[in-house]
Amino acid sequence: MVGRRDFLKMVGAGVALAGVTGCVTEPRRSILPYTMRPPEVTPGNPLYYATTMPLDGYGIGLLVASREGRPTKVEGNPDHPASLGAAGVYEQASILQLYDPNRARQLTYQGGVRSVRDFVRAFGPQSTSAFGTPGNGEGLHLLLEPTSSPLTASLIARVREAYPAAGFTFYSPLSSSSELDAARNVFGRPLQPVYDLRAADIIVALDADLLDEGPFSLRYAREFADRRRLEEPSAGMNRLYVAEAGFTSTGVLADHRLRVRSTEVAEVAAALLELVRGGSVGATEGAAPMGGAVVGEGRGAQWRGNEWVRAAARDLAAHAGRSLIMAGARQPPRVHELAIALNAILGNIGRTIRYIDPVLVDVGLPTHSPVPLVEALRAGAVRTLVIVGGNPVYDMPADFEFGELLRRVPERVYCGLYRNETAALCDWVVPALHYLESWGDVRAWDGTASLIQPLIYPLYGGITIDDLLKVFLLEAATDAHQLLWESWRERTGGGDDFDEFWKDALRRGVIPGTTSPEVAVTGEGAVVRVQSMGGAGGEPRAGSVGVDRVPESGDQQGGGGESAKLPRGGLVLSFRRDPKVYDGRFANNGWLQELPDPVTKQCWGNAALLSPRTAARLGVEDGDLVELRYRGGKLRLPALHLPGHADDEVTVSLGYGRGGAEEVARGVGANAYLLRRADAPWFGGGLEVARVGEARGEERVVRTQERWTQEGRPIALVATLAGYRANPDFTHEHRGSQPSLFERWNYSGEQWGMTIDLSVCTGCSACVVACQAENNIPVVGREGVARGREMHWLRIDRYVTGDVEEPRIVMQPMLCQHCEKAPCEYVCPVNATVHSSDGLNEMIYNRCVGTRFCSNNCPYKVRRFNWFDYAVLRSPEEDLQLNPDVTVRARGVMEKCTYCVQRIRRAGIRARVEGRELGGDEVVTACQQACPTRAIVFGSLGDPESEVSRSRRQPRLYSVLHELGTEPRTMYLAKIVNEAPATAV
Amino acid sequence: MVGWHGAPVEELRELEGHATDEELTEQLLAPLWSKSRWWRICFAVSGAGTLLYLVAFTYTVVSGIGVWGNNIPVAWAYGITNFVWWIGIGHAGTFISAFLLLLQQRWRSSVNRVAEAMTIFAVIQAGLFPVLHLGRPWFAYWLIPYPATMAVWPQFRSALPWDFAAISTYFTISLLFWYVGLIPDLATVRDRAPGRVRRVVYGIFALGWRGAGAHWQRYRLVYGILAGLATPLVVSVHSIVSTDFAITQLPGWHSTIFPPYFVAGALYSGFAMVIMLVLPLRAVFRLSNVITTRHLDSLGKMVLAMGWMVIYTYAIETFFAWYSGDPFEVAQYLRARPFGSYALVFWGMVFCNCVVPQALWSRRVRTSPVLLFVVAFLVQVGMWAERFVIIVASLYRDFLPSSWNLYAPTWVDWGLLLGSIGFFSFLFFLFLRYIPFVPIDEVKHLRAELEPRRSG
Amino acid sequence: MPALFPRWSDTLLRVGIVGVLAAVLLAVGFAMAWVRTPQITGQFSPLEQPVEFDHRHHVADDGIDCRYCHDLVERSPYAGVPPTERCMNCHNQIWPDSPLLAPVWASYFKNEPIVWRRVHQLPEFVYFDHSIHVNKGVGCESCHGRVDRMARVYQVASLQMGWCLDCHRRPERVLRPVEEITTMGWVPSRPQEELGRELMERYGVRRVTDCTACHR
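Quick notes on the rules
Residues numbered from 1 in each chain as written. Chains lettered and ligands numbered in written order. Predicted model: local features only at pLDDT ≥ 70, side-chain atom pairs only at ≥ 80, totals over all residues. Heavy atoms only, no water. Buried < 20%, exposed > 50% of the residue type's maximum accessible area, 1.4 Å probe, protein only. Helix = DSSP H or I, 4+ residues; strand = E, 2+ residues; numbered from the N terminus. Pairing = 2+ DSSP bridges. Contact = heavy atoms within 4.5 Å. Buried area = accessible area lost by both parts, 1.4 Å probe. Salt bridge = Lys/Arg side-chain N within 4 Å of Asp/Glu carboxyl O. Polar contact = N/O pair within 3.5 Å; in protein donor to acceptor, adjacent residues only side chain to side chain. Nonpolar A, V, L, I, M, F, W, Y, C, P; charged D, E, K, R; others polar. 1 Å grid on protein atoms, 1.4 Å probe; cavity = no way out; pocket = protein on both sides within 12 Å on 5 of 7 lines; lining within 4 Å. Points joined across faces, edges and corners; volume = space filled by probe spheres on them. Core = buried A, V, L, I, M, F, W, Y, C linked by side-chain atoms within 4.5 Å. Axes fitted to C-alpha atoms, helices over the stretch in contact; angles between N-to-C directions. Parallel < 35°, antiparallel > 145°, perpendicular 65-115°, else oblique. Left-handed = near helix turned anticlockwise from the far one by under 90°. Phe/Tyr/Trp six-rings, centres within 6.5 Å; stacked < 30°, edge-to-face > 60°. Lys NZ or Arg CZ within 6 Å of the ring centre and 35° of its normal.

*Asks:* I'd like to hear about the pairing of strand β12 (residues 256–259) of chain A, residue by residue, with values.
*Replies:* Residues and elements named next belong to chain A. The alternating pattern of β12 places H256 and L258 and R257 and R259 on opposite faces, both of which are buried. The pairing of strand β11 (residues 239–244) with β12 spans four bridges and is parallel. Following the sheet pairing, V242 is matched in β12 by R257.

What follows is the structure in structure tokens.
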């Protein structure tokens, strides 16, 4: 059997044979009506169901479109606090994971197919393996993913009753307990902060990717952006300070970005604290006490860090109570403590931050560290290990040698979506259900509970974690829906209106009144504590995934920081969540593998990211193959120059180099977990980099954008707020009408247009995946991208501006500009691309003969060509995801962004059937709907009050390549950065 | 055969020696009867080339354009390069026959048939590429205006439907022109062919030519008219082809000088091709008396002249790019081309098209078959490189740096280029074998015209 | 030496040349005619269906409105082939044991759909929407013909793009009052063009010739 990945590689030869069916008249299809049509279904019209996607235990509320019973598209749920209507990259792509043909399909025991009943017989009521002496669970251990589900929580509790001696461990490679530990050290109890970015004028992110990482990032991105979209020059704008090593989406929007080694963030925080404390709150600008503090090992006072810290401190002081300091999950508790202290001193707690009780089950307890489990395994104390979800064999810190330990366990059970590395070592493998197939519940970061309801009958069979726990409860299995229903009936105390409550919860996708209440705290503890620690001093420490996070042990041994301390002149190795495959769980998702990294634009793999200067020092060319030697481990992967990356540090994405049974994921990129160490899970010193040679073949870096700069061309415009206010019309050369030989179009009714605000685009790429899902865009594979044939209708161009050493990045979503005077239209010999009466630049696939003349004449190069019959690459299962409203393009035709014309036409027809005009804001494109920051505005320019019409009145409006006279309907709002006055040039 | 000694000092003639009509006829018909080994070999080789062509062609149609190296932004590459190159080569034939006929250049007679044949075979090659490079070649007929059930028509603002019209017209006229010119000789062959079969076959194509006065009178009339029709086409065809590029806004394409530029380039490569075909024939069939140094000299001069037109357009193009001050134009002409990833091709083009032909200032070179051949060959290479530079170098560095990307040909691309050359030679060798490649009647007329001056 | 060709060969040659040219032209003409014939468009050929359903009886005799079975037509792109239960609404009373209904009962009890053969088949890149047409005064009859006279339904219109465009360019020639949408054999009270123009006014009908109206 030929795997899809091999397919993707060998696109070419036979694959495209289907292409030649162009002119044949097809045989009669048949019609299969329902025998009994469900009342809510109207064949031909989509239905939306509210559900929730759990990720690392936290829920993100979604609305999922269902076409005649098959889920086809994921959107955000506006009523859900973690989504506010947006859906990120992972949420969007999760729909493809549902249909993934590589998902585990059969329950097996040592390779032999078994039934669920067999499994129950083995572990359920008539369990043969009595766990330990008098069945108290001795030797039974469950390794779960972190969960916040009330139902799961109650079941776990009951399993614990049944088996008091059973062990539990919650593990996820990306979750960190630094934040909670810090809170515990400061407030005496683990608390989790919920930020309110709308109330913050000044935000300082210490290695915190708040706009793109974490369970609340969609919300934070929205709140942040709401304080940033300048309606007019005089409007106010928040200011963002970022100190980080790699370039994150947050760094992209930073007004002041300090590139600093991960190991030095602690010092930066300390210095910040010293300055803020020195110049007591509300101090006047540049007050004396702010002089001192020089940050950075042995760096002189001229180091840019000082300037950054002073500016930040000054701003913070001036905005006490309206500012916010955030520490990233990668940073050790100490940094979080410093952040808490700063927030406390500035009186932000209670204003821009509120603390709530942790949402996850067991959080803050030793069960959230793998160490006890690992010790038990080493001691051979575990007889039955039940692993639910996750992939510990692959993603545990290498020094645990978890795989080895697991082999020694007599009875090994794995329940997960795939037959991955872990499944391969277990004798029981139980397929798990995808969240779109299962009943359940989950809580958002702020505690809000919501239900998970299935959109489709399980495709490949399987069970949920709740079903599995039920097996161990020695109870007769009830179906998941009933289980959930009962649990909530109990929780709400039943009542006659419970059915109403239930229906409402399902409909709205949020359970009212479940948001966690604020816990009143005072920052005093923090202040006192940092003082006792001697202010700015103290060792910077590595963060932690909860490794050796034992509460009694307190903070002092925390993180084993010594190893992370940078030996002078040496290199720091730093790990990061991959913006595409997360921790590796999405590695088998073609959309995500082919999605360009927001900053490096790399597809299909990871690389060693390092600053050009460091690269030069090491003699490593861009794209060279290097070997990373780190604490006994070795890893080969290509190197990539990343302008703006901290010097003397190398960042590597986790989640690649998978070795499981997943065909798409297998062998893509290098597995950075092999270098990860339990005591320094996020970064550590002592890295050596050796150049192996030029990267070849599979090791080559594949990128969708080779160039970093704009070559001095005015493409993505940037200005400082001060500059903008001084000269609001700075884009005037790039808009307005141009002389033209072509006649004007005259319109009546709608005429569509789009405005994209570069000020709030983080480059997160949610829009790109949303577009791919909505418009049936194929995945062309590594070779395809290498040849420059990626099919994305919407791409995000990334340009660095300003100083090469300290660059700024501007992100520019680039899609069909729907030109009024479209260069593509007049060169098409067969009228396959023409102008519509509502201003669209139409592309008619079935008329296209594929001269590619249009692409040559498109200055924006947003047109894509079907070089092969790419539909062949889609498995029959994945075909179920296709949007029935969009043609699946044949081989040899051009395609491009249509402004989601299928949505426009559907809305238009609905409106006209109802006998009314179509509202200017009624149509929402897929990219616009997904965008967390609402950078994309779409609507009719015919309606002067539509959002898009209003956006067109902003002075910073401009069109790309305006001088060509193409008069694009997609226009841009120049990026405005809010530099602090003192440092603004 | 004429060797290194170059040309005699005295005035060059269109005909050397004092052969009688009879001798000339015999000499020029010889290749049709001879069963030479070299012909079989060459034929086999070109046949192999044709086969390669077929393979690459079929593979492309079956699998899709993806088997080429093309991508976005470089959506056109070898395919269109080959097309423009071949159509260019296809120009000299008609030019020589028609133009020079109207200008009464006597020296054309000995070479014009080879040139015309070359034209037809080249246009065949050229005609195939635009169809092949389509994503869906089976819908190529949509470019033709006809009342379709879809009630949609082609778009006449685009250059491509005009391309289609221009090329098909050009092919038809050239074919007729060539055939009409052939008739008297076909009759000659008919009368002298050994064996009935050949006599009948040639006889059919000779359309019953008896060489009667009436025949000659009509023949001249038709030939003249066709020449008159063909002449403007020489100019129009490549002008229209050039609009494939000129009507776009792409820096490197967006240029008003393209039509004359392309015509000059076409004739340039066309004459070079004639030289490359004529010289071997002359040597192999010992035709130095018919295809004299005078011919070589004139062809050489034509190449030189065309060469300078091309040089001029290069200069103007680059100058205007700089003079326009348009950053995109400047980037294209003054950076991307001379210093970009395809700089080697660019400088190769400059060397072959601008430097090499200067050797033709020397009559010694013009009249030395070997040197002339070398020059012609390099010009041929240069002209292909020129089209590659225009197409690929312009596309791979367009407006937005974000979309910049390189192009690398695959074996299919090479297969089609070499294959088309193979196919061309294949047809040409068939032509040599079955058709008198020097117009016997015209040569005899020429002799008749020259005689009195000789004896006198 | 004897003449190579007999006298008549000249004539033959001339005829031959003319013949070849004529043949080419005819071939083209024939092809263009051919694609417009029912063989290609699939018109006028009643299809064998799994159930002997007779529209004549249900529409003409019983006078059942089209929308009773094709109930989606006003709110969905699809007119909707009725679910089996719809048949049962009547037929559990009427002719319950008719052998003609056997397959319907089978479908009903086995809960397996009846597999109908598609009569009006558009290419997959064409997105036709019934709801907008019937709500703007395009009668069923206008495209589907006198279904009330069809034992087995067959395709009346060519369904070729040119045919669609005829109406889309000049809707006034077919529009009828929405009250008459399902009427078979409706005749306009006034000259169609005149009535049509007035209805265009009333229903806000536009001459929609954007490609994306049907191709997406």
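The rest of the description comes next.
*Asks:* Please give an account of the interface of chain A and chain B that cites residues and values.
*Replies:* By a widely used convention, the size of an interface equals the accessible area lost when the partners come together. Contact with chain A, which involves 62 residues of that partner, is made by 55 residues of chain B. Around 5000 Å² of area is buried between chain A and chain B when both sides are counted, 57% of it from carbon and sulfur atoms. Where chain A packs against chain B, one counts one salt bridge. In this structure, K861(A) and D398(B) form a salt bridge, with 3.2 Å as the shortest nitrogen-oxygen distance. Between chain A and chain B we count 33 residue pairs in polar contact (both at pLDDT 80 or more) in total. Those elements giving two or more residues to the side of chain A that touches chain B turn out to be β30 (795–801), α25 (823–827), α26 (853–856) and β34 (864–865) of chain A. Looking at side-chain class alone, the side of chain A that touches chain B contains 30 nonpolar, 17 polar and 15 charged residues.

*Asks:* Outline the layout of surface pockets, listing residues and values.
*Replies:* Estimates place the volume of the second largest pocket at around 1000 Å³. As for the second largest pocket, its lining consists of 29 residues, of which A206(B), L207(B), G208(B), W209(B) and D10(C) are closest to the centre. Of the residues forming the lining of the second largest pocket, the biggest block, six residues, is contributed by helix α1 (residues 9–34) of chain C. The class makeup of the residues in the lining of the second largest pocket is 17 nonpolar, four polar and eight charged.

*Asks:* Residue-level account of the nonpolar core, with values.
*Replies:* In terms of nonpolar packing, the biggest core is built from 336 residues, with L628(A) and F271(B) touching the most fellow members. Among the elements that take part in this core, helix α8 (residues 258–284) of chain B stands out by supplying 17 residues, more than any other. The residues contacting F271(B), other than those within four sequence positions of it, are A92(B), F95(B), I96(B), L299(B), M302(B), V303(B) and M306(B). Grouped together as the second largest cluster of nonpolar side chains are 39 residues, V386(A), V388(A), A449(A) and F472(A) included.

*Asks:* Which residues make up the sheet that holds β12(A), and what values do they have?
*Replies:* All names here are of chain A. On the basis of which strands lie adjacent, the open sheet formed by four strands has the order β12-β11-β10-β13 and parallel pairing. Two strands close off the open sheet at either side, each with one partner strand: β12 and β13 (323–327). Between one strand axis and the next, the sheet turns by 10° as a mean value, whatever way the strands run. Bridge count between strand β10 (residues 202–206) and β11: five bridges; the pairing is parallel. By the bridge assignment, A205 is partnered in β11 with V242. Contacts from helix α10 (residues 333–345) reach β10 and β13 within the one sheet, and its direction differs from that of β13 by about 170°.

*Asks:* Run through the packing of helix α2 (residues 37–63) of chain B against helix α14 (residues 411–434) of chain B, naming residues and quoting values.
*Replies:* Residues and elements named next belong to chain B. Packing of α2 against α14 brings their axes to within 6 Å, and their N-to-C directions diverge by 140°. In terms of orientation, α2 lies oblique with respect to α14. By crossing handedness, the relation of α2 to α14 is classed as left-handed. Classifying every residue of the contact of α2 with α14 by side-chain character gives 18 nonpolar, 10 polar and one charged.

*Asks:* Quick one: what's the story with the packing of aromatic side chains, residue by residue and with numbers?
*Replies:* Inspection of every chain in the model, using the stated rule, returns 80 aromatic pairs over all chains. Judged by centre distance (5.9 Å) and plane angle (50°), the ring pair of Y78(B) and Y407(B) falls under tilted. On the criterion of sequence distance, the pair formed by Y78(B) in helix α3 (residues 78–102) and Y407(B) in the loop between α13 (369–396) and α14 is long-range, its members being 329 residues apart. Across this residue pair, the class does not change: Y78(B) and Y407(B) are buried. Here W322(B) and Y323(B) contribute two aromatic rings whose centre-to-centre distance is 6.4 Å and whose plane-to-plane angle is 45°, an arrangement assigned as tilted. This pair shows no difference in class: W322(B) is exposed, exactly as Y323(B) is. A connected cluster of aromatic rings, assembled from ring pairs, spans F853(A), W76(B), F245(B), W253(B), F258(B), Y261(B), F262(B) and Y314(B). In this arrangement the basic side chain of R257(A) is found over the ring face of F247(A), its NZ or CZ atom lying 3.7 Å from the centre. Over the ring of Y845(A) we find R889(A); its NZ or CZ atom is 5.5 Å from the centre of that ring.

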